[in-house]
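So you can see what is in the structure, the chains are spelled out below.
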Amino acid sequence: MIKTIAYLGLGTMGSGMASNLLKAGYDLTVWNRSAEKCEPFARKGGRVAGTPADAVRDVDLVMYSLSNEQAIEEVVFGGKGILSGIKEGQIAMDMSTVLPATSLREQEAYAKHGVDFVDAPVFGSKQESADAKLWIMAAGNKAIFEKVKSVLEYLGQTVHYFGKNGNAAAMKLVGNLIVALEMEALAEGLVLAQKAGLDLSTVMEVVKVADFRSPLLVSNGRNILKRDFSPSFALKLMLKDAGLIEKFGGSLESPIPALRVVRKNLESAVALGFGQENASAVIKALEKEARVEVKAHGVA
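Keep in mind that what you see is a predicted model, and the values were worked out from it rather than measured.

The rules behind these values
- Residues numbered from 1 in each chain as written.
- Predicted model: local features only at pLDDT ≥ 70, side-chain atom pairs only at ≥ 80, totals over all residues.
- Heavy atoms only, no water.
- Helix = DSSP H or I, 4+ residues; strand = E, 2+ residues; numbered from the N terminus.
- Rg over C-alpha atoms; globule rule 2.2 N^0.38 Å.
- Buried < 20%, exposed > 50% of the residue type's maximum accessible area, 1.4 Å probe, protein only.
- Contact = heavy atoms within 4.5 Å.
- Areas by Shrake-Rupley, 256 points an atom, 1.4 Å probe, with all protein chains shown as cover.
- Lys, Arg positive; Asp, Glu negative; His and termini not counted.
- Charge placed at Lys NZ, Arg CZ, Asp CG, Glu CD.
- Core = buried A, V, L, I, M, F, W, Y, C linked by side-chain atoms within 4.5 Å.
- Pairing = 2+ DSSP bridges.
- Phe/Tyr/Trp six-rings, centres within 6.5 Å; stacked < 30°, edge-to-face > 60°.
- Lys NZ or Arg CZ within 6 Å of the ring centre and 35° of its normal.
- Salt bridge = Lys/Arg side-chain N within 4 Å of Asp/Glu carboxyl O.

Asker: I would appreciate a short explanation of the overall build of the protein chain in the present structure.
Answerer: Of regular secondary structure, the protein chain possesses 13 helices and 9 strands. Against the globule reference of 19 Å for 300 residues, the protein chain gives a C-alpha radius of gyration of 20 Å, in line with a compact fold. Taken over the C-alpha atoms alone, the protein chain extends approximately 65 × 45 × 35 Å along its principal axes. Expressed as a percentage of its 300 residues, the buried residues of the protein chain come to 51%. In the protein chain, the proportion of contacts linking residues at least 24 apart, taken out of those at least 6 apart, comes to 67%. Carbon and sulfur atoms make up 53% of the accessible area of the protein chain, which amounts to about 14000 Å² in all. Side chains of the protein chain give 35 positive and 34 negative charges; the mean places of these two sets differ by 3 Å.

This is how it looks when you write it as structure tokens:
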């Protein structure tokens, strides 16, 4: 039975998940590169570790959500990384968005230490993480998945098992491909509607009910009209993920022509200085080209 957990990486997603683990009553150790993000957890009874290696010592389960492959390299494989502190019998779980090949490399490295590994990326953003409403993918040994499933159920509204290691990472990239295309479609559609002189509030009323509706389109469309680009999923991270998806698709000779258009617009929006804003800020690259600003009537 899992009682002690280390959570590494307290960014937009990790902080919400770690908070919910504390609420669930687990004995929690946290680590983050910028130590100030650990302070709220220390005040609530969590232990703060100085290094990844220190964080993982003597816990049942090691969980981490990191921003990119470079962070995985440092936090997992680095001199004071997880692998230098973890021991036989522990379980490690990567909740980051990475290539399946990265997950398989992690699995192989952990196996040499007698450690079981699960790749468990999530769908959802800041609010879903805080509210324990994520949609969680998991892959690895089935018996180990059953051990960690109860932990994951404290973090998400659904948990989906995908079999062998690397498959959950692959599903995450499949899902993020769909997200990127939806976000681009929303941006192009709203810019076109603006240029056509349509009332954008009425446009969004249709988006909410028509057969192409989705929660992603509705929530992001509403925020675009309010000019609210506060980050739930940063534009620069969507660009990073687009690069991973292209690499993954290329490795399988699977065509992804639409993503290349999206990536170009993501690059343009980041170059304009919007990388820290929400991924919906991809619309700003299109707005510049169209010489319009998309917003609801009456919004200053």
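Asker: What should I look at first to understand the nonpolar core in this one?
Answerer: Soluble globular proteins tend to pack their nonpolar side chains together in the buried interior. Leu 190, Ile 224, Leu 259, Leu 266, Ile 283 and Val 294 are the most contacted members of the largest nonpolar core, which totals 42 residues. Secondary structure elements with two or more residues in this core: helix H8 (167-195), helix H9 (200-209), helix H10 (215-225), helix H11 (235-251), helix H12 (257-274) and helix H13 (283-290). When residues of this core are assigned to their parent elements, the largest contribution, 10 residues, is made by H8. In this structure, Ile 224 is in contact with Leu 186, Leu 190, Phe 229, Ser 280, Ile 283 and Val 294, ignoring residues within four places of it in sequence. Residues Met 17, Tyr 26, Met 95 and Leu 152 belong to the second largest nonpolar core, which totals 32 residues.

Asker: What's the story with the sheet that holds strand S9 (residues 156-161) in this structure? I'm lost.
Answerer: What links the strands of a sheet is backbone hydrogen bonding, and the strands pair in either a parallel or an antiparallel sense. Strand order in the open sheet formed by 3 strands is S7-S8-S9, with mixed pairing between adjacent strands. In this open sheet, the two strands that pair with only one neighbour each are strand S7 (122-123) and S9.

Asker: I keep staring at the packing of aromatic side chains and nothing clicks. Help me out?
Answerer: A complete count under the given rule lists 3 aromatic pairs for this structure. Plain terms: the ring middles of Tyr 26 and Tyr 154 are 5.9 Å apart, the flat faces sit at 85 degrees to each other, and that makes the pair edge-to-face. Of this pair, Tyr 26 sits in the loop between helix H1 (12-23) and strand S2 (27-31) while Tyr 154 is found in the loop between helix H7 (142-152) and S9, placing the two residues 128 residues apart along the sequence. With relative accessibility at 12%, the residue Tyr 26 sits in the buried group. The partly exposed category is assigned to Tyr 154, whose relative accessible area is 43%. Their ring planes at 20 degrees and their centres at 5.5 Å tell us that Tyr 110 and Phe 117 sit as a pair that is stacked. When its relative accessible area of 0% is taken as the criterion, Tyr 110 is described as buried. Against the face of Phe 77 rests Arg 105, its NZ or CZ located 3.9 Å from the ring centre.

Asker: Explain the pattern of salt bridges here, please?
Answerer: Opposite charge on two side chains permits them to pair, given that their charged atoms come into close proximity. A complete count under the given rule lists 13 salt bridges for this structure. In this structure, Arg 105 and Glu 73 form a salt bridge, with 2.7 Å as the shortest nitrogen-oxygen distance. Of this pair, Arg 105 sits in helix H5 (residues 100-111) while Glu 73 sits in helix H4 (residues 69-77), and the two are 32 residues apart along the sequence. Residue Arg 105 is classed as partly exposed on the basis of its relative accessible area of 40%. With a relative accessible area of 36%, Glu 73 lands in the partly exposed category. Here Glu 246 ties to Arg 260 by a salt bridge, and the two come within 3.3 Å at their closest N and O atoms.

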